[in-house]
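So the chains spell out like this:
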Amino acid sequence: MEDERIIIGIDILPQSSSVKSPPKFSAVVLQNDNIVDRKTAITKYRLVKLIKELNADILAIDNIYELAPTSEALVSFLARLPPTMKLIQVTGSPHPSHGMEPLNRVANRYGIPISGKGNAIEEAEVSARLAAKNVGYIASPFEEETEIYVTRARSLGSGGWSQDRYHRRISALIQNAAKEIRDRLESASLDFDITIKDSAYGLDRAIFTVYTSQDKLYGIIKKTKGPDIQIKINPVKRKRIEFIPSLGGTNFPVQATVTKMKKLIVGIDPGVTVGIAILDLRGGVILLDSAKGLSRGDVVRKISEYGTATIIATDVTSVPAFIQTLSTKFNSRIHSATKVMTVSDKNAMIRTFNNTNGTKPSNSHERDALVAALNAYSSHKNVFDRIEAAIKKLDVRIPISRSFIDNVKALVVQEDIPIKDAIDRLVQEEKEETIIEEAIEVTLTTEQMEAKISESRAKIKLQEEQLDNLRTQNELYSSKISELETIIKDFQEKIKLLQSEERTELKKLREIQFRDEEIGRLRKQEIDFKNEISQLRSKFSDLKRLKLIKTRGYAIPLRIIEIFSVEGINKAKEEFGIKKGDVCLLLDPSGGSKSTADILISFEIKAIITDCKKMSHIAEARFLEYEIPLIERNELKTLKNVDEFAIVDKNELDEKLLEWEKRYNQLLKEKTQDMLKKIIKEYRKQKLDEMNDIIQDDSTGQ
C-alpha cells in the first residue's frame, strides 16, 4: 500500500549553528517512497513556509534541538506549525528506558544506505525514509487538551451610561458565543469542562477545557477576534517535551507499559479547590496536596507523575461526575462512602492516622481526599493481605518484586478475578517479557553489545554516585527528623496543658453559630439589594420608554402625580424626574394649597391635565397667575395609560393648549376692560368731588 503522507526530512548544515547568522537546513520531501523535492539550504522561515504550502504530515530530523537550542524555543517554533503535523526524532528518545543511537546505526538496522560521512542532504533523506517506516519518537510539546477562551476584545472604558450599555452588550455577546461553542462541542461528542465568570447582564468570561488536541477542533470552533469579543484557541503545553513512539514500530522496546507503572489509591475532593491524596497499595502516603482551579487534565497529569490509579475514592455516598470521568480515564475501580461522614468522624479518622503516620492535611479539601483514600484502603485491606499470603505460598519461579505483588492486587481489584488467575496471568506475562528481552539481546551485534556494556557501566557509576548522595541526605534527614520529633513532642505536651478537646469543640461550635448568623444576615442583605436593583431596573425601563415616545414625536408622555401634595409631587419627581417643559397628569387635584402649587410652578412645567372642578380656587388662581394651562382631563379623547405612565396625542394636546390660550387672552382682555372702567369711574368721582369742594368754598366766601 502506498504511503500518501508528505514527509519532510531535514538536517542542519555544517557551520550553520553560529549565533551570528540564522541556521540553515537541507530538506528532502518524500511521498509514496519517492523524492518529490530537494532544498539544499533553506532558513527556518522558508522551512515553515514549505511545511504550510505542502501541508506536510511529518517533519523528520535526527536531533530536534537542531531546530532550537532550548525546549522553550522549540515549543515556540512548533506553535508556528500546523497542529496536524508531527515532529519525529528518528534516532530515539532521551528517556533512559528508550535511549538514542547514531543516525548511521539506525539506518543500517532498517536497510537504508548511508555513507560513512553523510552530508546534510543525504542525512535529511535518511531521516525522511526512517520516518516513512514509522521509526523514531514523536516529540510532543502539547497535551491532548485544548483551552478555548471567550472574552471581551477591549476594555469597558470609564463609567457612565455608555459604559453600562456597552457592558450589557458585551456580556450578552459572550454568553451567546459560549452557548454556541457548548452546543457545537456537545454535537461533536467532545469531552469538555467549562469555567465561567458571571456578570449582572450575562457572562464576563468563559473558558472551555476540551480534552482533545487542537487539530480535532478544526471545522468545529474557529478562532476569531471582533470589535467586541474574541475567541482564542490554545493547546495546553506540557511541563516538558514528551517522546511518544511512532506508529508501527520503534528503534527500541518500550518499557513504560501500564504494568510497570506504580499502582495507586487516589482520594479526590472535587470542587473549585481540588484535594488530592495518593496512597500506595500498602497504605503509605505518597502525596497530599490541594490547588485551586484544577481541570480534569491537571488532575490526571498530577496522578500520572506518580503512577496509575487502581482505585479512585470519594468521601461522599453519591459519586460525583468528576470522579466518574477520572475513573474512566484510568480504567480504575470507584470507591464511595457507605454512609454520610460527619466532620467529627473525619477528624477522628485523621487523628488516628496521624498518630501512626505523621501526615497531616493542611485544609478541609486535603482532609476529605485523605479520608476517601483511607476508607478505600481499609475496605480492600483484607483482600490485599490474602493476595500477599497467596503469593508467598505459590512457587512461581520468578523473582517476586513489590511491583509484581501490586500488579496482582490491581488486577484482582480492577477486573474482579480470582487471586490465582491474576497470579497465573502476570507470571505468564513476566516469562514472555523475559523471552523477548533474551531474544533482543541475542540479536545484538558485537559493536552494539560493547556500546550497551559501556552505557550500562556509565549508568552504574552514576547510580552509585547518586546512592552515596542519597545515603548522605538520608543521614541528614534522619538527624533532622529526630530533632523535629523532639520539638513536636514538646509542643504536643504544651497543647495538652493549654487546651482540651472539649474547649476546642466548643470554640468550633461558636464559630459555626457566628458564621451561620453572618450568612443569614448577608443573605437577607442580598435579597434587599436584589429587590432594590429590580425596582431600579423597572424605573429605568419606564424612563427609556418615555424617552422613546417623546423622541418619536407622535405622542407626549405625561408625568403622573397621584396626589396634589408635597409627598405626591416628590414621589413623581423621584420616579419620573419632573423637569422644565413637562406635561403633568394630576390624578387627584383636591387639597392643594398655594405652597403646593408653587412647588409645581418652580419646575417650570408646560401644562397640567386634571379634573379642574376638584381643584381649590387658590391653587387654580396661582397657576393662572403664572400662565400655566389647566386642561380638563375628560376633554382629552386620546389620553391613555400605558403600564406605569400615560400618553396623549400631541396634536390634540396642542389644540387644547391653543384653546386655553385663547380663553386666557379673552379673560385677560375682559379683566383689563373692567380695570379701565373702574379707573375711569374712580377718576370721574374724584373730579366730581373736587368740583363740589370748589363750589362749597365759593359759597362760604360770599
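Residues numbered from 1 in each chain as written. Predicted model: local features only at pLDDT ≥ 70, side-chain atom pairs only at ≥ 80, totals over all residues. Heavy atoms only, no water.

Trainee: Which parts of the structure should I look at to understand the overall build of the protein?
Mentor: Helix and strand counts for the protein stand at 17 helices and 23 strands. The burial tally for the protein puts 36% of its 702 residues in the buried class. A separation of at least 24 residues holds for 63% of the contacts in the protein among residues at least 6 apart in sequence. Roughly 43,200 Å² of accessible area belongs to the protein as shown, and the carbon and sulfur atoms make up 52% of that amount. (Helix = DSSP H or I, 4+ residues; strand = E, 2+ residues; numbered from the N terminus. Buried < 20%, exposed > 50% of the residue type's maximum accessible area, 1.4 Å probe, protein only. Contact = heavy atoms within 4.5 Å. Areas by Shrake-Rupley, 256 points an atom, 1.4 Å probe, with all protein chains shown as cover.)

Trainee: What should I look at first to understand the side chain of Thr209 in this one?
Mentor: Here Thr209 is to be found in strand 10 (residues 202–210). Non-local contacts of Thr209, meaning those with residues more than four positions away in its chain, are made with Glu145, Thr146, Glu147, Asp191, Phe192, Asp193 and Ser295.

Trainee: Can you walk me through the packing of aromatic side chains in this structure?
Mentor: What characterises a pair of aromatic rings is the spacing of the ring centres plus the angle enclosed by the ring planes. In this structure the tally under the stated criterion is four aromatic pairs. Arranged with centres 5.1 Å apart and planes meeting at 10°, the rings of Trp660 and Tyr664 form a pair that is stacked. Of the two residues, Trp660 and Tyr664 are both situated in helix 17 (residues 650–701); the distance of four residues between them amounts to about one turn of the helix. Comparing Trp660 with Tyr664 shows no difference in burial state: the two are buried. Seen from the ring of Tyr201, Arg168 lies directly overhead, with NZ or CZ sitting 5.7 Å from the centre. (Phe/Tyr/Trp six-rings, centres within 6.5 Å; stacked < 30°, edge-to-face > 60°. Lys NZ or Arg CZ within 6 Å of the ring centre and 35° of its normal.)

Trainee: What should I look at first to understand the sheet that holds strand 17 (residues 333–335) in this one?
Mentor: Strand pairing in a sheet is mediated by backbone hydrogen bonds. Such pairs are either parallel or antiparallel. Taken in spatial order, the five strands make up an open sheet running 15-14-13-16-17, and their pairing is mixed. The sheet is open, and its two borders are formed by strand 15 (285–292) and strand 17, each paired with just one other strand. Along the sheet, successive strands turn relative to each other by an average axial angle of 25°, direction set aside. Inspection of the sheet shows strand 14 (residues 273–280) paired to strand 15 by seven bridges, in the antiparallel sense. Note that in strand 15 the partner of Gly275 across the bridge is Ser290. Packed onto the sheet, helix 6 (residues 296–304) meets strand 13 (263–269), strand 14, strand 15 and strand 16 (308–313) and runs at close to 25° relative to strand 14. Of the strands in this sheet, strand 13, strand 16 and strand 17 are in contact with helix 7 (residues 321–330), which crosses strand 16 at around 155°. (Pairing = 2+ DSSP bridges. Axes fitted to C-alpha atoms, helices over the stretch in contact; angles between N-to-C directions.)

Trainee: Please clarify how a nonpolar patch on the surface should be interpreted in this entry.
Mentor: Residues Leu484, Ile487, Ile488, Phe491 and Ile495 make up a contiguous nonpolar surface patch of about 470 Å² in total accessible area. Inspection of the secondary structure puts Ile495 in helix 12 (residues 446–498). (Patch = residues over 30% accessible without salt bridge, like charges linked within 9 Å, V, L, I, M, F, W, Y side chains within 5 Å. Salt bridge = Lys/Arg side-chain N within 4 Å of Asp/Glu carboxyl O.)

Trainee: Got a minute to help me understand helix 14 (residues 566–576) in this structure?
Mentor: At 3.6 residues per turn, the α-helix brings residues three or four places apart onto the same side. Looking only at helix 14, the buried set comprises Gly568, Ile569, Ala572 and Phe576. End-on, the buried residues of helix 14 take up no more than an arc of 100°, which puts them together on one face. What points out from helix 14, more than 90 degrees from its buried face, is the exposed set Glu567 and Glu574. Two residues or fewer after helix 14 comes Gly577, characterised by a positive phi angle close to 75°. (Arc of directions from axis to C-beta.)

Trainee: Help me understand the pattern of salt bridges in this model?
Mentor: Any two side chains of opposite charge can pair, on the condition that their charged atoms come close. Scanning all chains against the criterion turns up 41 salt bridges. Linking Lys346 and Asp315 is a salt bridge whose minimum nitrogen-to-oxygen distance equals 2.7 Å. Of this pair, Lys346 sits in helix 8 (residues 343–357) while Asp315 sits in the loop between strand 16 and helix 7; the two residues are 31 residues apart in sequence, bridging distant segments of the chain. Residue Lys346 shares its accessibility class with Asp315, and that shared class is buried. Residue Arg367 pairs with Asp368 through a salt bridge whose shortest N-O separation is 3.1 Å. Judged by its relative accessible area of 10%, Asp368 is buried. Shared partners join several salt bridges into a network, and the residues in it are Asp33, Arg38, Glu125 and Arg129.

Trainee: Got a minute to help me understand the nonpolar core in this structure?
Mentor: In summary, soluble globular proteins display a tendency toward joint burial of nonpolar side chains. The biggest cluster of nonpolar side chains holds 33 residues, and the ones touching the most others in it are Ile265, Leu370, Phe384 and Val408. Elements represented by at least two residues in this core include exactly strand 14, strand 16, helix 8, helix 9 (364–393), helix 10 (402–415) and helix 11 (419–442). With 11 residues, helix 9 is the single largest residue contributor to this core. Setting aside residues no more than four positions away along its own chain, Phe384 makes contact with Ile265, Leu281, Ile311, Tyr377, Lys409 and Val413. Counting residues in hydrophobic clusters, the runner-up holds 30 residues, among them Ile12, Ile51, Leu81 and Leu87. (Core = buried A, V, L, I, M, F, W, Y, C linked by side-chain atoms within 4.5 Å.)

Trainee: Quick question: what am I supposed to make of the side chain of Ser199 here?
Mentor: Note on placement: Ser199 falls in strand 9 (residues 192–199). Residue classification places Ser199 among the buried positions, given a relative accessible area of 19%. Separated by 3.1 Å, the side chains of Ser199 and Ser171 make a polar contact. The contacts of Ser199, once residues within four sequence positions are left out, are His167, Ser171 and Asp204. (Polar contact = N/O pair within 3.5 Å; in protein donor to acceptor, adjacent residues only side chain to side chain.)

Trainee: Explain the pairing of strand 18 (residues 555–563) to me, please; I cannot follow it from the model alone.
Mentor: When a strand is regular, its side chains alternate between the sheet's two faces. Bridge count for strand 18 against strand 23 (residues 645–649) is four bridges, and the pairing is antiparallel. In the sheet register, Ala555 faces strand 23, and the bridge partner there is Asp649. Looking at chain direction, strand 18 and strand 19 (residues 583–588) are connected through five bridges and run parallel. Residue pairing across strands places Ile560 opposite Leu585, the latter belonging to strand 19.

Trainee: Would you mind showing me how to read the packing of helix 9 against helix 10 here?
Mentor: Packed helix pairs are characterised by how far apart their axes lie and by the angle those axes make with each other. Running from amino to carboxyl end, helix 9 crosses helix 10 at an angle of 130°, the nearest separation of the two axes being 10 Å. Viewed along their axes, helix 9 and helix 10 adopt a mutual orientation that is oblique. Where helix 9 crosses over helix 10, the two elements pack in a sense that is right-handed. Residues His380, Val383, Phe384, Ile387, Glu388 and Ile391 of helix 9 lie in contact with helix 10, whose contacting residues are Arg402, Phe404, Ile405, Val408, Lys409, Val412 and Val413. Classifying every residue of the contact of helix 9 with helix 10 gives nine nonpolar, one polar and three charged. (Parallel < 35°, antiparallel > 145°, perpendicular 65-115°, else oblique. Left-handed = near helix turned anticlockwise from the far one by under 90°. Nonpolar A, V, L, I, M, F, W, Y, C, P; charged D, E, K, R; others polar.)

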